[in-house]
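An overview of the molecular structure
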Amino acid sequence: MITATNPPRFLIIQTAFIGDVILATAMLEQLHEAYPTAVLDIFVRKGNEGLLANHPFLNEVLVWDKKGTGGPFAKYKNLWQLLGIIRSRQYTAVFNLQRYSTTGMLTVLSNAEMTIGFDKNPLSRFYTHQVEHRFEPGVHEVDRNAGLLRALGVRGGFVRRPKLYPSQADYQAIKPYQHQPYICIAPMSVWFTKQYPVKRWTELIQSLPETITVYLLGAPTDASACEAIRSQTEPRKNVVSLAGKLSLLQSAALQQQAVMNYVNDSAPLHLCSAMNAPTTAIFCSTVPEFGYGPLADVSRVVQTPEELDCKPCNLHGRSRCPLGHFACAWGIRLDDLSSLNI
């Protein structure tokens with residue numbers, strides 16, 4: 001346990017995708033629980049900073065333009081500038097949640113008193129503390145991340161769920177959509193083999209009571225796919241595509257009061273966990289044993305009941321089914337999804 005007179009200052013590094021940043025917010029809750037006066041900063045890739053707006057425990061969000069929009073060396077120039085800022089802060093501890101060499105270098109050169117991260121990072125041998133990274137049943141990603149806190153002598157008593165903080169403006173923005181009971185469906189994913197097929201989403205919507213409004217959620221790039229699903233459910237009138245029309249925090253606020261949220265193994269699943277929103281998580285090519293399952297109080301995982309030698313085919317999903325049959329998705333029964341007391 002840190003016993004310094006001045007409040008400790010901590011930095012969390014997580015420059016991966018939206019879902020990874022959402023899950024990293026559990027660590028903000030945990031650090032605040034252990035060190036209520038600590039100064040907390042987080043380092044994320046450009047585009048994910050909006051998730052952390054209004055966060056009551058955060059002092060600063062450092063943003064890395066990881067795509068390098070200013071030219072071929074822009075991302076590294078920006079990283080070098082951010083490293084200078086980090087070194088000047090003289091952090092008590094830097095926690096690196098990633099397993100890649102770029103963030104490993106940032107951690108090693110951070111000038112922090114303690115550098116803590118997973119042993120799978122290529123530069124972890126230069127950290128002051130290495131923590132074993134493992135995939136095993138019952139160990140969620142938030143548990144793996146919380147394991148980094150043991151280097152501070154902090155054990156147990158952790159808040160396990162991530163948390164986001166939509167503003168009053170966010171709640172006002174989604175209020176017009178909440179006049180009657182509704183469900184939210186986030187049908188898309190970056191990875192094809194994580195997506196429940198469009199035909200099955202359509203069948204699910206058609207099986208739901210007519211009194212339930214259905215909102216299709218997604219990024220601007222998902223708008224055409226969501227509109228295709230909406231059009232295929234006609235003549236049903238109360239299916240509305242909101243893809244690209246809501247911010248991430250507004251989507252989270254809408255999910256919070258839904259009767260149910262249907263999601264793939266993707267970022268909207270973790271939005272539900274952060275808002276403690278009811279969740280039906282559909283796992284196609286991946287498995288919850290990787291540690292990315294739902295954490296809401298009311299949640300369940302749905303998978304094909306068939307034992308498949310090819311499932312899981314990898315950790316992140318693929319652009320197509322390597323065997324061509326996509327049985328991990330088509331084998332999921334509609335009855336397992338639509339058996340709700342609505």
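Heads up: these notes are all about the structure in this document. Source: prediction; values computed, not measured.

1. Here's the deal with the overall build of the protein chain
What the protein chain contains, in helices and strands, is eleven helices and twelve strands. The C-alpha radius of gyration of the protein chain comes to 21 Å, within 12% of the 20 Å expected for a compact globule of 342 residues. Projected onto its principal axes, the C-alpha positions of the protein chain cover 65 × 45 × 45 Å. Considering only contacts within the protein chain whose residues lie at least 6 apart along the sequence, 63% involve residues at least 24 apart. Put simply, the protein chain shows about 15,300 Å² of open surface, and 52% of that area lies on carbon and sulfur atoms. With 32 positive and 27 negative side-chain charges, the protein chain shows a separation of 5 Å between the mean positions of the two kinds.

2. Some words on the pattern of salt bridges
Per the counting criterion, the structure on display carries 13 salt bridges. The closest approach of N and O atoms between E203 and K199, which form a salt bridge, is 2.6 Å. Here E203 pairs with K199, and both are found in helix α6 (residues 198-207), just four residues apart, close to one helical turn. Judged by its relative accessible area of 23%, E203 falls in the partly exposed class. Three or more residues joined by partner-sharing salt bridges are found here, namely R9, D41, E60 and R89.

3. Notes on the layout of surface pockets
If you add up the space inside the second largest pocket, you get close to 200 Å³. The greatest single-element share of the lining of the second largest pocket, amounting to four residues, is contributed by helix α4 (residues 141-146). Grouping the constituent residues of the lining of the second largest pocket by class yields seven nonpolar, two polar and six charged.

4. Structural notes on the sheet that holds strand β8 (residues 213-216)
Read across the sheet, six strands follow the order β9-β8-β7-β10-β11-β12 without closing on themselves; strand pairing throughout is parallel. The open sheet is flanked by β9 (239-241) and β12 (299-302), the only strands paired with a single partner. Averaged over all pairs of adjacent strands, the angle between their axes in this sheet comes to 20°, without regard to strand direction. Where β8 meets β9, three bridges bridge the pair, whose relative direction is parallel. The partner of L216 across the bridge, within β9, is S241. Helix-sheet contacts for helix α8 (residues 248-256) involve β7 (182-186), β8 and β10 (260-264), and the interaxial angle to β7 is about 135°.

Thresholds, definitions, all that
Residues numbered from 1 in each chain as written. Predicted model: local features only at pLDDT ≥ 70, side-chain atom pairs only at ≥ 80, totals over all residues. Heavy atoms only, no water. Helix = DSSP H or I, 4+ residues; strand = E, 2+ residues; numbered from the N terminus. Rg over C-alpha atoms; globule rule 2.2 N^0.38 Å. Contact = heavy atoms within 4.5 Å. Areas by Shrake-Rupley, 256 points an atom, 1.4 Å probe, with all protein chains shown as cover. Lys, Arg positive; Asp, Glu negative; His and termini not counted. Charge placed at Lys NZ, Arg CZ, Asp CG, Glu CD. Salt bridge = Lys/Arg side-chain N within 4 Å of Asp/Glu carboxyl O. Buried < 20%, exposed > 50% of the residue type's maximum accessible area, 1.4 Å probe, protein only. 1 Å grid on protein atoms, 1.4 Å probe; cavity = no way out; pocket = protein on both sides within 12 Å on 5 of 7 lines; lining within 4 Å. Points joined across faces, edges and corners; volume = space filled by probe spheres on them. Nonpolar A, V, L, I, M, F, W, Y, C, P; charged D, E, K, R; others polar. Pairing = 2+ DSSP bridges. Axes fitted to C-alpha atoms, helices over the stretch in contact; angles between N-to-C directions.

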